[in-house]
Number of protein chains: 4
Amino acid sequence: MGDLFWPGDDRAGDHFTSASFLAVMVLLEAEWADVDLSGVDAERHLEWLENESESGGNPVIGLVELLREATGDTALHRGLTSQDVVDTALMRMAEAAVADLLADLDRIVAQLAELATEHRDTPMVARTLTQHAIPTTFGFRVAQWLTGVLDARDDVRRLRFPDQLGGAAGTRAGMVELGLDLPLDDLPWHTTRATVTRIGDALAGCTDACARIANDVLALGRPEIGELAEGSGGGSSTMPNKANPVLSVLIRRAALTTPQLAATLHLAAASQVDDRADGGWHAEWAPLRDLVRRTLVAVSQTDDLLDGLEVRPDRMAWTLAGAGDDVLAEQRALAKHAGHDPAPSYLGQAGAIIDAVVARSKETR
Amino acid sequence: MGDLFWPGDDRAGDHFTSASFLAVMVLLEAEWADVDLSGVDAERHLEWLENESESGGNPVIGLVELLREATGDTALHRGLTSQDVVDTALMRMAEAAVADLLADLDRIVAQLAELATEHRDTPMVARTLTQHAIPTTFGFRVAQWLTGVLDARDDVRRLRFPDQLGGAAGTRAGMVELGLDLPLDDLPWHTTRATVTRIGDALAGCTDACARIANDVLALGRPEIGELAEGSGGGSSTMPNKANPVLSVLIRRAALTTPQLAATLHLAAASQVDDRADGGWHAEWAPLRDLVRRTLVAVSQTDDLLDGLEVRPDRMAWTLAGAGDDVLAEQRALAKHAGHDPAPSYLGQAGAIIDAVVARSKETR
Amino acid sequence: MGDLFWPGDDRAGDHFTSASFLAVMVLLEAEWADVDLSGVDAERHLEWLENESESGGNPVIGLVELLREATGDTALHRGLTSQDVVDTALMRMAEAAVADLLADLDRIVAQLAELATEHRDTPMVARTLTQHAIPTTFGFRVAQWLTGVLDARDDVRRLRFPDQLGGAAGTRAGMVELGLDLPLDDLPWHTTRATVTRIGDALAGCTDACARIANDVLALGRPEIGELAEGSGGGSSTMPNKANPVLSVLIRRAALTTPQLAATLHLAAASQVDDRADGGWHAEWAPLRDLVRRTLVAVSQTDDLLDGLEVRPDRMAWTLAGAGDDVLAEQRALAKHAGHDPAPSYLGQAGAIIDAVVARSKETR
Amino acid sequence: MGDLFWPGDDRAGDHFTSASFLAVMVLLEAEWADVDLSGVDAERHLEWLENESESGGNPVIGLVELLREATGDTALHRGLTSQDVVDTALMRMAEAAVADLLADLDRIVAQLAELATEHRDTPMVARTLTQHAIPTTFGFRVAQWLTGVLDARDDVRRLRFPDQLGGAAGTRAGMVELGLDLPLDDLPWHTTRATVTRIGDALAGCTDACARIANDVLALGRPEIGELAEGSGGGSSTMPNKANPVLSVLIRRAALTTPQLAATLHLAAASQVDDRADGGWHAEWAPLRDLVRRTLVAVSQTDDLLDGLEVRPDRMAWTLAGAGDDVLAEQRALAKHAGHDPAPSYLGQAGAIIDAVVARSKETR
């Protein structure tokens, strides 16, 4: 699975593909009816189902027809409604994707913690609004990257992926008619979509955190600065000289698109009405898929980016030296006011803050 | 404070006005320098400050100049940077606004719990994709509204509003130079903005939940349906006959705009670079203000909407009767399959689900 | 080509698929080198190319490698840069898609003109803010639908799809070195992306116009109103009684997503920097693809929706009668003020406006 | 008029303020009734009106009450509906704002044409994906900026600002009842909002074009590059050494927010239903206001930015020299392939393209 319009898409593997969606829905119908559907090769009918899905507005009607025909078992799906199957399938797929995502985030966290520690005392110039400000360390910068990723991971960890079991209008009337007594701890959420919007918000938070790293690599990797570089730059179709920071470029790309996808999920949630929305529900599926896959790709690319990141302490030192006395102007002013000579260094709590962030990264949840 | 372009804006009171922003910033400077600035009438200079704010890109530089001039105390602000003041002021304002928001959400929760209980057994027709589906109760519908609000409130309750104290580049170098030893439990978040995006996401969740209610009032309040009505409809400038569902209209309006504001906060977060972003930081302030005020307004309007909501069980019963046997077609099919006569009612777990949601609404956090 | 996450996607045919993208790029390389590449089966390598595209950040580097290897012709692509190929391919694909789109829009325009004329005098009640207002005609309503589509079509007709030929940095240095003298009427637009954003804006305008129609069908097709109905409603997976307005639901769905895709194109344009953007360029491709396909689908569905639309003048008359004297309250007030008896009808210029809109629809461009 | 949350807001002057909105509405009511309302000090009642506007969902009902009371003339507003007044007022305000905007755009165009001509032969290195690519000229870069602004200006010039005169439901029934015969060349657009979305799209195009300039100033103004600088940088509240590129930062800020505002206008348009939308209409006003003011501010700041822009040809030459032979690698490869020695320069059609863009900038429309 790949996408010529989204280089790197194959990193998301089979998550949220049409084939996976179909497979999960078949599995859910099998679980519900307590029958073995592993012999049904639904994927062979994928194209038919894709086209058929329009007539009912969702893919379940065609699927049930197909499964009943293949098995001769008309009891399949009984008691469920299309939304039960689609929503639960989305959650199962999201849960699997988020498990992979968390594994990647964990790797990034470990890499960043190590990098921050390694460069705890590597001096560089801090930059605000693009201009030289005061001294800092590269470890402190990495601690900021790490904080962003930890915050994002916290939100991802908090996600829940409940089944949707409500029947035609959420009341579970069909289930009760069939003598089923479902537990009341997971309630239907057919028209209250925080379940979905929280996923979108948390994933957008991930690409925010990754882009914050990529932006620094892009800025500090400009040849005139040269303090960071991607380990293996991408080539050009015409310029033999180029080594492009391709991973950073592609990460940044993702972060320009995910917030609007998360917003679309909120707009869909805000369009809920009656006992099943007339468009708001249907508008969720593709944006959620794109959000999940793009986030998986961006996070995986960030993992690789850090893996190969070249840090150049010499260039950092050179820039800092070149920035000269100016970057100590604040210190001089403050020391003068306080009536003492400037301290020998001007790094404040940088080291202690690095240590605190690294310690946070090692907390078990 | 009101806004002719946003009817109802005055419900947000003084939250996040320019004057409040200024007052909080003065307070923060006073706290930091441990001086009394209550005698300084900064608001008199608000217009000057608004105009002056462009030259430094934020309002703090002009404010510090003004305060130092007014007091003769050049030690004011020492050790801080503009971002410390702006970010902390945003958090203080957000905290105050969210306190009011939670009070309104609590009122809505209480109203909805009562309404759901009152109409636990009020029959109405469930509608999916605008069409009659199966029987349900109005209490069950209200339980869905309530679930949405409870989910939104959970996210709002989880928000935190930390101070920002990092100095020029987040390292607290100036503070240390001045002999201050800040605690390490609240770390600088100058370039990691989950602090801000989480607020945006949670507030968009609130307008989602309110719009879900308003949409139902609008749909079920159409004269041909008439099952719900706003207590005191709005008039028309030309049609004496009109009683418009104005509150619902204005709530729905808000929910069409807040997701894009929350997305803007994510885009700003994803634009972080260096030790202070070159635009990403500045892009947060106005969208956050608008998100907060619009959410306060929408939630307050929802409170009023529920306060005056007219529920018409007779019309609900009439529609259900008119829907006829069709809405029991599913039940008949399932009963036939199960080999028994249809049960006398077809409400499934509606009552039990209502009870569970109402019980959830009464949990202390 | 279909998409289980976007029912109806197959209506967009081969437009903007990965395979089409690849085929157009091969064609462009063939045109540029003036060689016949029809014998190269690039599509066989599509998956390899999709995966390979990450290393250079776009699919062209791999493609050129593949083509040179297949043909042994190292002169292929010479003078071009990746962006020339990708951008020109996007424009060629967009031009083909827009041609189909315009054909569908023309059909819709013709249908609406006919419908407006047919129902020029079919009375119905006008509704504002969901409530009965004054009398109108269904033809007048259709004239509003038509105006929306005509406005959208005007914007689509104005689109241009220029080739991108700029070489490595837009200066055409490579072309000149190779002795080529390109005309100066179509200039490079490698970092000025109105070319792309205008497409996005125009397509969002199309889904706006289609949704405006679908919203009315959904509202007026509620069983309690019943003035409109989709010709062949969609079924339910569990309720035998349902006939859902599926086309309207799916059109509305699209319109909830396209504005954010158009916004993403603007954000990408606003991220342009240097002589090729570090992410802003790459963020365009997938959103443009989704915008184009979803608009094609929504417009085609609108065509079908109108094709099968059931209009029920009897129900319209019945509602209007039921609305009673109230809807003439404005007329009475105005007539009283003007000192004459109310005119026998209160339709104002409805007929003349319908005629004017229908006449506009028949203008050749 | 200023805004502490949006430094520079005062540049937008009185455009789209609540007071201006009110004044235009009073003027429209005066025009319609052909009476002199200049003696009515409506602004004195602005706060009352702002608060009152909620009860009818828009400010017109309160305004008409106020005007009728002040004048004793109950004929005021007769035949109009609230939407006529609000929509026409929005258009009048937009027209005035766009006139100022175009004047600023014209100034920017003139400045850029001059700058491109002045630096037609100023060598610099082209950068793609942040890395050195091939040689170019600063004039060529400016020609790209100019192309972006010209494209944006073309779209702004095409905007139209029609009055809205439709009465209660667009049919002009009230007008006809009163004996008025309105012309049919400007038809009501009460539920077809391309009128509004086109403004949003065109304004977002302006901030795109301005941000494209600002991004370059920010990147090339980094101290390690130093090829461009803002004439008068902004200061810092704590670092005496800082000269921040504040105008560029604030321009970039705007461009991060306007696309989502334009998207909101599309979402509002796509929510049109019946003869007046239940929220979609109301959601337009504030986002349109913000879009207009922010665009005015950003364009005015871009004018100032260019006014004071410091261009440093020596630094450009120094970077290019430092980039060395690498940036001619493409030329060497192409020349070798073509079988001749590399040409003495590698600027392709840069000069001719600059001339063509400058010529375009001088075309009268």
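Residues numbered from 1 in each chain as written. Chains lettered and ligands numbered in written order. Predicted model: local features only at pLDDT ≥ 70, side-chain atom pairs only at ≥ 80, totals over all residues. Heavy atoms only, no water.

J.: Explain the overall build of chain A to me, please; I cannot follow it from the model alone.
T.: Summing up its helical and strand segments, chain A has 13 helices and four strands in all. In terms of overall size, chain A is more extended than a compact globule, its C-alpha atoms giving a radius of gyration of 26 Å where 365 residues would be expected to give roughly 21 Å. Viewed in the frame of its principal axes, chain A has a C-alpha envelope of about 85 × 50 × 35 Å. Residues classed as buried in chain A amount to 69% of the 365 residues present. (Helix = DSSP H or I, 4+ residues; strand = E, 2+ residues; numbered from the N terminus. Rg over C-alpha atoms; globule rule 2.2 N^0.38 Å. Buried < 20%, exposed > 50% of the residue type's maximum accessible area, 1.4 Å probe, protein only.)

J.: Please explain the packing of aromatic side chains as it appears in this structure.
T.: Geometry of an aromatic ring pair is reported as the spacing of the ring centres plus the angle between the planes. Counted according to the given criterion, the structure contains 16 aromatic pairs over all chains. Ring centres of F5 of chain A and F21 of chain C lie 4.5 Å apart, and the angle between their planes is 25°; this geometry places the pair in the stacked category. Of the two residues, F5 of chain A sits in the segment before α1 (18-33) while F21 of chain C sits in helix α1 (residues 18-33), which places them in two different chains. For the pair F5 of chain A and F21 of chain C, one class covers both residues: buried. A cation over an aromatic ring shows up here: R253 of chain A above the ring of W6 of chain A, its NZ or CZ 3.8 Å from the ring centre. (Phe/Tyr/Trp six-rings, centres within 6.5 Å; stacked < 30°, edge-to-face > 60°. Lys NZ or Arg CZ within 6 Å of the ring centre and 35° of its normal.)

J.: I would appreciate a short explanation of the interface of chain D and chain B in the present structure.
T.: Interface extent is often summarised as the accessible area lost during association of the parts. Taken together, the contacts link 71 residues of chain D with 72 residues of chain B. Of the roughly 5,400 Å² buried between chain D and chain B on both sides combined, carbon and sulfur atoms contribute 59%. For chain D, the biggest contributors to the area lost against chain B are L4, F5 and E54 of chain D; these three give 18% of the whole. Here chain D is connected to chain B by 10 salt bridges. (Contact = heavy atoms within 4.5 Å. Buried area = accessible area lost by both parts, 1.4 Å probe. Salt bridge = Lys/Arg side-chain N within 4 Å of Asp/Glu carboxyl O.)

J.: I tried to follow the relation of the copies chain D and chain B on my own but got confused; where do I start?
T.: Each copy of the chain is related to the other by a rotation around an axis and a translation along that axis. After a rotation of 180° and a shift along the axis of 0.0 Å, chain D superposes on chain B with an RMSD of 0.0 Å. Such a combination of rotation and displacement between the chain copies is what one expects of a two-fold axis. No C-alpha of chain D lies nearer the rotation axis than that of Q260 of chain D, which sits 2.8 Å from it. Most of the interface of chain D is mirrored in chain B: 100% of its interface residues are interface residues there too. (Least-squares fit on C-alpha atoms with pLDDT ≥ 70 in both.)

J.: I keep staring at the interface of chain B and chain A and nothing clicks. Help me out?
T.: On the side of chain A, 88 residues touch chain B, which itself brings 88 residues to the contact. In total, about 6,900 Å² of surface goes out of reach between chain B and chain A, with carbon and sulfur atoms giving 59% of it. The largest per-residue losses of area from chain B upon contact with chain A belong to E177, D274 and Q349 of chain B, which jointly make up 11% of the total buried on that side. Taken together, the connections running from chain B to chain A amount to four salt bridges. Of the charged contacts in the structure, one is a salt bridge between R198 of chain B and D155 of chain A, with a shortest N-O distance of 3.0 Å. Counting residues per element, the ones that place at least two in the side of chain B that touches chain A are β1 (123-128), β2 (131-137), α5 (138-157), α6 (173-177), α7 (194-220), α9 (258-269), α12 (329-338) and α13 (350-362) of chain B. Among the elements that line the side of chain B that touches chain A, the one with the most residues is α7 of chain B, at 13 residues. Residue composition of the side of chain B that touches chain A, grouped by class: 40 nonpolar, 27 polar and 21 charged. (Nonpolar A, V, L, I, M, F, W, Y, C, P; charged D, E, K, R; others polar.)

J.: Quick question: what am I supposed to make of the packing of helix α8 (residues 246-255) of chain A against helix α10 (residues 285-308) of chain A here?
T.: The packing of two helices is summarised by the inter-axis angle and the distance between the axes. Residues and elements named next belong to chain A. Viewed as axis vectors pointing N to C, α8 and α10 meet at an angle of 150°, and their least axial separation amounts to 9 Å. Considering the angle they form, α8 stands roughly antiparallel to α10. Crossing of α8 over α10 shows left-handed handedness. Judged by residue contacts, L247, S248, L250, I251, R253 and A254 of α8 engage R294, V297, A298, Q301, T302, D304 and L305 from α10. Looking at side-chain class alone, the contact of α8 with α10 contains seven nonpolar, three polar and three charged residues. (Axes fitted to C-alpha atoms, helices over the stretch in contact; angles between N-to-C directions. Parallel < 35°, antiparallel > 145°, perpendicular 65-115°, else oblique. Left-handed = near helix turned anticlockwise from the far one by under 90°.)

J.: Is there a simple way to think about the relation of the copies chain B and chain A in this case?
T.: Expressed as a screw operation, the relation of chain B to chain A combines 0.0 Å of axial shift with a rotation of 180°, fitting to an RMSD of 0.0 Å. An overlap of 100% is found between the interface residues of chain B and their copies at the interface of chain A, pointing to a shared contact surface.

J.: Is there a simple way to think about the nonpolar core in this case?
T.: Looking at soluble globular proteins, one finds that nonpolar side chains tend to be buried together. Within the largest apolar cluster, 196 residues are counted, with the highest numbers of intra-cluster contacts made by W145 of chain A together with W145 of chain C. L265 of chain B together with L80, L105 and L112 of chain D belong to the second largest nonpolar core, which has 195 residues in total. (Core = buried A, V, L, I, M, F, W, Y, C linked by side-chain atoms within 4.5 Å.)

J.: For this particular structure, what's the right way to read the state of the cysteines?
T.: Structurally, a disulfide amounts to a covalent bond that connects the sulfur atoms of two cysteines. Residue and element names in this part refer to chain A. As enumerated under the stated definition, the model contains zero disulfides over all chains in all. As a non-bridged cysteine, C206 has C210 as the owner of its nearest cysteine sulfur, 6.6 Å distant. Residue class for C206 comes out buried when judged on its relative accessible area of 1%. (Disulfide = S-S within 2.5 Å.)

J.: Whenever I open this one, the pattern of salt bridges confuses me. Can you help?
T.: Side-chain pairs of opposite charge can arise where the charged atoms are in close proximity. Inspection of the entire model under this criterion finds 115 salt bridges over all chains. For D290 of chain C, the salt bridge goes to R289 of chain C, with nearest N and O atoms at 2.7 Å. The burial state of D290 of chain C is the same as that of R289 of chain C; both residues are buried. Its salt-bridge partner being R120 of chain D, residue D355 of chain D comes within 2.8 Å of it at the nearest N-O pair. Taken together, the positions of D355 of chain D in helix α13 (residues 350-362) and R120 of chain D in the loop between α4 (82-118) and β1 (123-128) put the pair 235 residues apart, joining distant regions of the chain. For D355 of chain D, a relative accessible area of 39% translates into the label partly exposed. Here R120 of chain D falls in the partly exposed class, since its relative accessible area comes to 27%. Salt bridges here are not isolated pairs; linked through shared partners, they connect D3 and R294 of chain A together with R289 and D290 of chain C.

J.: How should I be thinking about the side chain of T197 of chain A in this particular structure?
T.: Topologically, T197 of chain A is positioned in helix α7 (residues 194-220). Excluding its chain neighbours within four sequence positions, the residues that come into contact with T197 of chain A are L265, H266 and A269 of chain A together with D208 of chain B.

J.: Quick question: what am I supposed to make of the pairing of strand β2 (residues 131-137) of chain D here?
T.: Where burial is concerned, most of β2 of chain D is hidden: seven out of the seven residues are buried. Following β1 of chain D, the chain reverses through two residues before pairing antiparallel with β2 of chain D; L129 of chain D in that reversal takes a positive phi of roughly 50°. (Pairing = 2+ DSSP bridges.)

J.: Sorry, what's going on with helix α1 (residues 18-33) of chain D here?
T.: Helical geometry note: an α-helix holds 3.6 residues per turn, so side chains three or four residues apart project in the same direction. All names here are of chain D. With 16 residues, α1 ought to run about 22 Å at 1.5 Å a step, and its terminal C-alpha atoms sit 23 Å apart, in line with that. All buried positions along α1 are accounted for by S18, S20, F21, L22, V24, M25, V26, L28, E29 and A30. Those residues of α1 that are buried lie in contact with α2 (46-56), α3 (60-71) and α4. Immediately beyond the C-terminal end of α1, within one or two residues, lies D34, with a positive phi of roughly 55°. (Expected span 1.5 Å × (residues − 1).)

J.: In this structure, what is going on with the side chain of H119 of chain B? I would like to understand it.
T.: All names here are of chain B. Tracing the chain through its elements places H119 in the loop between α4 (82-118) and β1. A polar contact of 2.8 Å, which involves the side chain of H119, links it to the side chain of T122. Other than its neighbours up to four places away in sequence, H119 contacts T137, F138, G139, V311 and P313. (Polar contact = N/O pair within 3.5 Å; in protein donor to acceptor, adjacent residues only side chain to side chain.)

J.: Explain the environment of E114 of chain B here, please?
T.: Relative to the elements of secondary structure, E114 of chain B occurs in helix α4. For the pair E114 of chain B and V142 of chain B, spaced 28 residues apart in sequence, the C-alpha separation works out to 9.6 Å.

J.: How should I be thinking about the environment of S82 of chain C in this particular structure?
T.: With respect to the element layout, S82 of chain C can be found in helix α4 (residues 82-118). Sequence separation between S82 of chain C and G57 of chain C is 25 residues, and the spatial gap between their C-alpha atoms is 9.7 Å. With residues up to four places along the chain from it excluded, the contact list for S82 of chain C reads S237 of chain A together with N58, V60, I61, H77 and W281 of chain C. A polar contact is formed between the side chain of S82 of chain C and the side chain of N58 of chain C, at a distance of 3.5 Å.

J.: Help me out: how do you make sense of the packing of helix α9 (residues 258-270) of chain C against helix α7 (residues 194-220) of chain D in this one?
T.: Closest axis-to-axis distance for the α9 of chain C/α7 of chain D pair is 7 Å, and the angle between their directions is 25°. Compared by their axis directions, α9 of chain C and α7 of chain D come out roughly parallel. Facing H266, A269 and A270 of chain C of α9 of chain C, the residues of α7 of chain D in contact are D201, A204, G205, D208, A211 and N215 of chain D. Across the contact of α9 of chain C with α7 of chain D, the residue classes tally to four nonpolar, three polar and two charged.

J.: So what exactly am I meant to see when it comes to the pairing of β2 of chain B here?
T.: In the case of a regular strand, side chains alternate between the two sheet surfaces. In this structure, β1 of chain B lies alongside β2 of chain B, joined through five bridges in antiparallel fashion. Along β2 of chain B, the bridge assignment pairs P123 of chain B with T137 of chain B.

J.: Which parts of the structure should I look at to understand the confidence of the model for chain A?
T.: As a note on interpretation, predicted positions should not be read in detail where pLDDT is low. For chain A, the mean per-residue pLDDT works out to 96, and 99% of the residues sit at or above 70. Among the scores for the predicted complex, ipTM is 0.97 and pTM is 0.98. (pLDDT = per-residue confidence, 0-100.)

J.: Looking at this structure, how should I read α9 of chain C?
T.: The end-to-end C-alpha separation of α9 of chain C is 19 Å, in line with the 18 Å expected for 13 residues at 1.5 Å each. Extensive coverage of α9 of chain C is indicated by the burial of 13 of its 13 residues.

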